[in-house]
Amino acid sequence: EDKVVQSPLSLVVHEGDTVTLNCSYEVTNFRSLLWYKQEKKAPTFLFMLTSSGIEKKSGRLSSILDKKELFSILNITATQTGDSAVYLCAVENNNDMRFGAGTRLTVKP
Amino acid sequence: DAGITQSPRHKVTETGTPVTLRCHQTENHRYMYWYRQDPGHGLRLIHYSYGVKDTDKGEVSDGYSVSRSKTEDFLLTLESATSSQTSVYFCAISADSGNTIYFGEGSWLTVV
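What counts, and where the lines are drawn
Residues numbered from 1 in each chain as written. Chains lettered and ligands numbered in written order. Predicted model: local features only at pLDDT ≥ 70, side-chain atom pairs only at ≥ 80, totals over all residues. Heavy atoms only, no water. Disulfide = S-S within 2.5 Å. Helix = DSSP H or I, 4+ residues; strand = E, 2+ residues; numbered from the N terminus. Buried < 20%, exposed > 50% of the residue type's maximum accessible area, 1.4 Å probe, protein only. Pairing = 2+ DSSP bridges. Axes fitted to C-alpha atoms, helices over the stretch in contact; angles between N-to-C directions.

1. So, the state of the cysteines
Counting across every chain of the model gives 2 disulfides over all chains. A sulfur-sulfur distance of 1.9 Å marks the disulfide that ties Cys23(A) to Cys89(A). Every disulfide takes its handedness from the sign of the S-S torsion; for Cys23(A) and Cys89(A) that torsion is -65°, giving left-handed. Separated by 66 residues along the polypeptide, Cys23(A) in strand β3 (residues 19–26) and Cys89(A) in strand β9 (residues 85–93) bring together distant segments of the chain. Among the residues examined, Cys23(A) registers a relative accessible area of 1% and is labelled buried. Looking at Cys89(A), the relative accessible area reads 0%, which means it is buried. Put simply, Cys23(B) and Cys91(B) are joined by a disulfide, and their sulfur atoms are 1.8 Å apart. Across the disulfide from Cys23(B) to Cys91(B), rotation about the S-S bond amounts to roughly -70°, and the bridge is consequently left-handed. Residue Cys23(B) is found in strand β3 (residues 19–25), and its partner Cys91(B) is found in strand β9 (residues 87–94); the two are separated by 68 residues along the sequence.

2. Digging into the sheet that holds β3(A)
Sheets are built from strands paired through backbone hydrogen bonds, the pairs being either parallel or antiparallel. All names here are of chain A. The strand order across the open sheet formed by 5 strands is β1-β3-β8-β7-β6, and the pairing between neighbours is antiparallel. If you trace the sheet from one side to the other, it starts and ends with β1 (3–7) and β6 (56–58), each paired once. Here the strands of the sheet are splayed against their neighbours by 15° on average, with no regard to which way each runs. Across 5 bridges, the pairing between β1 and β3 is antiparallel. Each bridged residue has a counterpart across the sheet, and for Gln6 the counterpart in β3 is Cys23.

Here it is, written out as structure tokens:
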């Protein structure tokens, strides 16, 4: 059965720390892996990854995919309180998209 | 922000009553999706549509039906609501399969 597993489930850090969020998957007919940030409302798109080893970067956030080992990481450097959110990993195959349970990140001042 | 409107945003209903959630988009995207989000499960796909009158089941479709009579509207119906359907429901759209999915703001449904 297809599955997407995120770790850790929750994480508490202080401003300025660097965090790494993990997403592993077992999915048939893999097409892409996506990262979303969810604050109080709907998830907002961060990255889409389709190729191994190519880092995607946006400001302090970056992500990379390893299609051989079937995982992705999301890095956040110099964390800020505004980074506090649930980060969702999703894997797409054909017309279906499976989400992980999310990692709840809390950044303390 | 993608033009996605969900209604109602909040609803409390009794067990056994029918409920319909509406998703309206102004982006003319081909694909529309209904997800539910529950603690410990993340987002799970209920049904999706790949065109007018073209729909298919997702991971957790039991107890739900959908309809898409127009490109812009995708309806999710609970024929007879149960307490296990208490959840947050998100509508999402994408231009095509493989494109980024954009989410609506969610509909909070409580079945008592």
